[in-house]
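Chains, contacts and geometry: an overview
Residues per chain, in single letters:
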Amino acid sequence: MNQKAILYLALLAFGIAVPFMFPAYKLQISIMWILVVLSLTWDVQGGQMGYNTFGNIMFFGLGMYICSSFQIGIFFPLAEWTASGGEKTFIHTPTQFFQGFFIGIIFAGIIPALVAAIIGYGILGLRGHYFAICTLGLAIAAGELAGGIELVGAGQGMTSPPWPKNIGDTELRSEFFYYICFVLMISTFLFLRWAYTTRFGLVLNAIRDNEDKAEAMGINTMRYKISGWVVSAFFVGIAGGLMGNMIGYIEPVETAFAGRTFGVFMVVMAILGGKGTLWGPVIGAIAFHIFKEGFWTFFLGWQYVALGALIVIVVIFFPEGIMGWLREKYPDRFGEVIDEEDRKAQVELK
Amino acid sequence: MDFLIFQIPILMVQASIDGILLGILFALIAYGMALQWGVMNIINIAQGELVILGGYIAYFMYVIGIHPAFGIIVSPIIMYFVGWSLYKLVINRVVDRDLFISILATFGISILTQQLMNFAFGSDVVIAQSNFGTTMLFNYMVTIPNSKLFAAVVSIIFAILLVLYMRRSKLGRAIRATAQNPRAAKILGVDTEKVYAATFGINAALCGVAGSLIAITFTLHPYVGLPYTVRSFMIVIIAGLGNLPGVALSGMGLGVFEEFSDYIFGTEFRIAAVFLLLVFILVYRRFKLSRKREYLK
Amino acid sequence: MGAILQVDQVYKYFGGVKANENISMTVTQGSITGLIGPNGSGKTTLFNSIVGTHPIDKGSIKFEDKEVSALPVPAVAKLGLLRTFQQTRIYGKLNCIDNMRISAKPSRDNLFSVFSAIPNELNDKAEHLLSFVGLYQKRKLRAGDLSFGQQKLLELAMALMNEPKMLLLDEPTAGINPTLINGIINRLIKVNEEFGITLLVIEHNMRVIMSLAQHIFCLAHGQLIANGKPEQIKKDQRVIDAYLGVQ
C-alpha cells in the first residue's frame, strides 16, 4: 500500500517537474499526456466494455472545433474570423483569452458528451464488427462534413486564438498548456480509477464478457454503455479543445477528425499497453509516444508504413499487450490464486 | 425545390445511368468482400487499397504505352499473387480469431499500402485515358463515356465467370464447402489453408479487375481506398452473404444514390453521404431487429 | 399454494417451424417442476419465451399475475424470474467473486446509481454462496479458467446471488461429473426449501428429474403431451413413445 503511494507521488512529482527538467520537450510531453487521455478513454469502450470503436476521434474533433468556436465567438464574429486572414483583425486581450479558454474547454467537454448520449442509443445497440464499422463511418463522415461548413473555415480550417503576447513569451504559453494537459490526464486517470471500482466498472466488464448474460441477470446494459461513452466523449472532447489551442490551427481531416493519426493511435496504444486494464493504456501511450518520437525521424516519409506494420505486428503477435502479457506470466501477482483453506458451507440467506 | 436535378428531369436519367454503371463496379468489389467474409470470416478493410493498387497496375501500363484496357487481364493476375502473399504473410494469422483482429490488422495493411502507393505513383490524382469515346443519347442530352459501358460489361462477364468457376471447378466446390463448415471440410480432406489462400487471391484478383476499370473510367489516388471498402461492406450487409442478385441490385442502388446525392448535396459531400448512409442503414436495421429483441450478428 | 407462473396457450414459430404450439402450463409457488422432452421438442424455446429473449406469437405468460410476455429480458429478470443457460454463460475474464458481486441485485437501480459503490457485505454473501456450491477455494480465479462443470455451479451461485423468486434451470447436470450429480440434486432441493425459490428444471437425466421434481411437464414436437406426478409420467405411454420415437 505504501509502495503504491510512493509510486503515485513520484509520478506526480515527475509530471510537475517536467517543464523544468526537459524544457525543450514541453510540447512533446504535453501531447503525450493528451495521448494518455485518448488511450485511457478508448479503453473504456475497447478494453473494459469490449466495444471496439473507431469513432472516439469524432469527439476529439468536435471538442476542438467547439472550444475554439466558443473562444472566438463570444467576443468576435466567428464568420469573419474564419474568413481568409480574418484572425489578424481581432486580438484577444488576456482576460478575454482566459475567459474564452475556460468557457470553451467546458463546452468542449459537455457538447461531445451530449452528442454521445444522443447517438449512443442508436449506435451502441450494434455489436461487434458492426459497431466498429459504424463508428468508423461516423468519424469519417464527421470530418468530411466539417470540411464543408463555411462558418468554421470549411476545408481550409481555422486558427484558434493566439496566445496574448503582452502577458508573456511562448515559454509561458507552453508551460500553461503543459499543466492543463497534465491536470486533464490526472483527472481522467483518477476518475476512471474510481469509476472502475464502482458498479460501472464491473458492469462494463460483464458486458464485454457476455452481454446476453448481463441482460439475463437484469442489468440495463444500454444505460451503462451510454454512460461509458459519455464519459469518454467528455474527456476526449476536452483533450481535443486543448490540442486545438496548443497547435494553434484546426484542419478538418488532418488535426481535428484525424482518423489516420490520433484515431488509429488511440487504438494501437491501448492494445499495446494491454486493453481492459487501468495502467495498460497509460503504459501503452507512453511507450508508443516515445517510439514514435524517437524513431519517426528515422522513418522520414515512411511513417505510415512503419505505423501500419506496427499495427499488424501488435494485433497479430501481441493482442493482449504489455499488461496482458505480464498477467499471463505472473497470474498470482494479479490475485489469481487458489485458496487452499476451505470455508464451511454456511447458508444464511433470507 | 430549387435543386438543378428536379428542374431538369433529363439529369435524372443521366444520374441513373451513371449510377447503375458505377454500381455494377461496386457490386464486383462487394462480391469479393462477400466471398472472403463468407469463406474466411474476416472483414478486410484493405479491400479498397487492393482496388486502388489494381488500378495503378493499369495506370502503369498506360504510362509505359500499353492500352490500359489490357489491365483487366494483367491486373488480376498480378493481384492474385499479391493477395496470395498477403494471405501467407498476415491474413492466415487472423482467420480463426475475433473479427476485430482482422479489421484492425487489415486496417494496418491499408495504412501501409496507402503510403507505399504514394511513394510508387505519387500523390496526384491520375487517370488512364482509354480513348473509347462517348455515346450520346436523347438528342445529346445524356452522355455516357464508352469506357463506363465497357467497365460495366467487363464486370458482369467477370462476375459470371466467377460464378461458373465456383459451381463447376474442384477448387470452387472446395471453397463453397469450406464456407459452409470449415471443420467438416477439413475432416473430409479439403486443404482449408489452400482454400483460404485461393479465396483471398481470387478476391484480390477481383479487386484488380475493378481497379483497372476504375483507372480508365474514374480517377486514382493513393488515399481513396477506404470509401470502396465501406461501399462493399454496405452492399454486403444490405444483400446478405451469398446472395449474388442482391449484391448486384444493392450495388446499383448505391451507385444511383451517390449520383443523386452529388446533384442534391454537392460533390464535396459525396463521401460524407456514403458514410452517413452506412450509419443510417446499420442503425435502421438495429432498431428493426430490436423490436424482435434481436441484434445484428 | 397459488401459481407463480402461468403459461397460457403460447405459440412460437421460427419461420415455418412450429417451435411451441399451444403450450399451457402452471408452476406452483414454492415447487420444483420438471420440463422434459426429447431433443428439439421446444423446451429451451419455451424458456426463452418465458424470460423474454424473443417475443411470442400468441398466448400469454404471467409471472405472479403480471403479464411478462411483452417485457424485455432485463425487465423480466428484475421481477425475480431468472434463468441459467444450457451452454453456461459466465463472465470469463472476471474472477468468481466479481462474477458474484455483479450478479447481486443493486439496492437502487436508476441513472444515478450507475457509479454507485458495490457494498462490502456482498463479498461475504458471495463467499457464502461460493462455498455452498463448493467453489470457495477457486474464488480468486478467472471464471473462464474453471472447468465446464464448475462454471455450471458458478452460474447457479450467480443466480442465487440475485435472490430470485423463481429460477429456470436449463439442464443443470448436463456435462457434470456423475459423482457430483447427487450433490447437485441435494443443493437444488436446499435452494428450493431453504431459500424458498421456485424451480423449473429442464433435464434429460430421468433419474435426476424423477427424484427432484414434484410435477413434470413433457413436451414433444413443440406440443405439451403429458403432465403429472413423476410416477404417472414414468408410466405414461405417450411419453414413452415420444422418447423412443414410436409414431
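For the structure itself, consult the block above.
Procedures and definitions
- Residues numbered from 1 in each chain as written.
- Chains lettered and ligands numbered in written order.
- Predicted model: local features only at pLDDT ≥ 70, side-chain atom pairs only at ≥ 80, totals over all residues.
- Heavy atoms only, no water.
- Buried < 20%, exposed > 50% of the residue type's maximum accessible area, 1.4 Å probe, protein only.
- Helix = DSSP H or I, 4+ residues; strand = E, 2+ residues; numbered from the N terminus.
- Pairing = 2+ DSSP bridges.
- Patch = residues over 30% accessible without salt bridge, like charges linked within 9 Å, V, L, I, M, F, W, Y side chains within 5 Å.
- Areas by Shrake-Rupley, 256 points an atom, 1.4 Å probe, with all protein chains shown as cover.
- Salt bridge = Lys/Arg side-chain N within 4 Å of Asp/Glu carboxyl O.
- Lys, Arg positive; Asp, Glu negative; His and termini not counted.
- Charge placed at Lys NZ, Arg CZ, Asp CG, Glu CD.
- Expected span 1.5 Å × (residues − 1).
- Contact = heavy atoms within 4.5 Å.
- Buried area = accessible area lost by both parts, 1.4 Å probe.
- Polar contact = N/O pair within 3.5 Å; in protein donor to acceptor, adjacent residues only side chain to side chain.

Side note on the pairing of strand β7 (residues 166-170) of chain C
Residues and elements named next belong to chain C. Burial within β7 is extensive, with five of its five residues counted as buried. Burial along β7 is two-sided: the face carrying Met166, Leu168 and Asp170 and the face carrying Leu167 and Leu169 are both buried. Across three bridges, the pairing between strand β6 (residues 81-83) and β7 is parallel. In the sheet register, Leu81 faces β7, and the bridge partner there is Met166. Where β7 and strand β8 (residues 198-202) come together, five bridges link them in parallel fashion. In the strand pairing of β8, Leu168 is matched with Leu200.

Section: a positive patch on the surface
All names here are of chain B. A cluster of basic residues, Arg167, Arg168, Lys170, Arg173, Arg176 and Lys194, forms a positive patch on the protein surface. Sort the elements by how many residues they give to the positive patch and helix α7 (residues 170-180) lands first, with three residues. Within the element layout of this structure, Lys194 appears in helix α9 (residues 192-217). On the basis of relative accessibility, which here comes to 57%, the residue Lys194 falls in the exposed class.

Considerations on helix α5 (residues 148-161) of chain C
Relative to the 20 Å expected for 14 residues at 1.5 Å per residue, α5(C) spans 20 Å between its end C-alpha atoms, a close match to the ideal helical length. Of all 14 residues in α5(C), 12 are buried; the element is thus mostly enclosed. Among the residues of α5(C), those classed as buried are C:Gly149, C:Gln151, C:Lys152, C:Leu153, C:Leu154, C:Glu155, C:Leu156, C:Ala157, C:Met158, C:Ala159, C:Leu160 and C:Met161. Residues of α5(C) that are buried make contact with α8 (199-216) of chain A together with β6, α3 (96-103), α4 (121-132), β7 and α6 (178-194) of chain C. C:Glu163 occupies a position one or two residues after α5(C) and carries a positive phi of about 50°.

Concerning the interface of chain A and chain C
Facing the 43 residues of chain A at the interface are 51 residues of chain C. Roughly 4,300 Å² is buried in total at the junction of chain A and chain C, and carbon and sulfur atoms are behind 60% of that figure. Connecting chain A to chain C are three salt bridges. Measuring nitrogen to oxygen at the nearest pair gives 3.2 Å for the salt bridge that ties C:Glu155 to A:Lys213. Scanning the region where chain A abuts chain C turns up eight residue pairs in polar contact (both at pLDDT 80 or more).

Re the pattern of salt bridges
Summed over all chains, the structure comprises 22 salt bridges over all chains. A:Glu211 serves as the salt-bridge partner of A:Lys225, at 2.7 Å between the closest nitrogen and oxygen. Of this pair, A:Lys225 sits in helix α9 (residues 221-247) while A:Glu211 sits in helix α8, and the two are 14 residues apart along the sequence. Using a relative accessible area of 6% as the deciding quantity, one classes A:Glu211 as buried. Salt-bridge contacts for C:Arg89 lead to A:Asp212; the nearest nitrogen and oxygen are separated by 3.8 Å. Taken together, the positions of C:Arg89 in the loop between β6 and α3 and A:Asp212 in helix α8 put the pair across two chains. The exposure class of C:Arg89 is partly exposed, given its relative accessible area of 26%.

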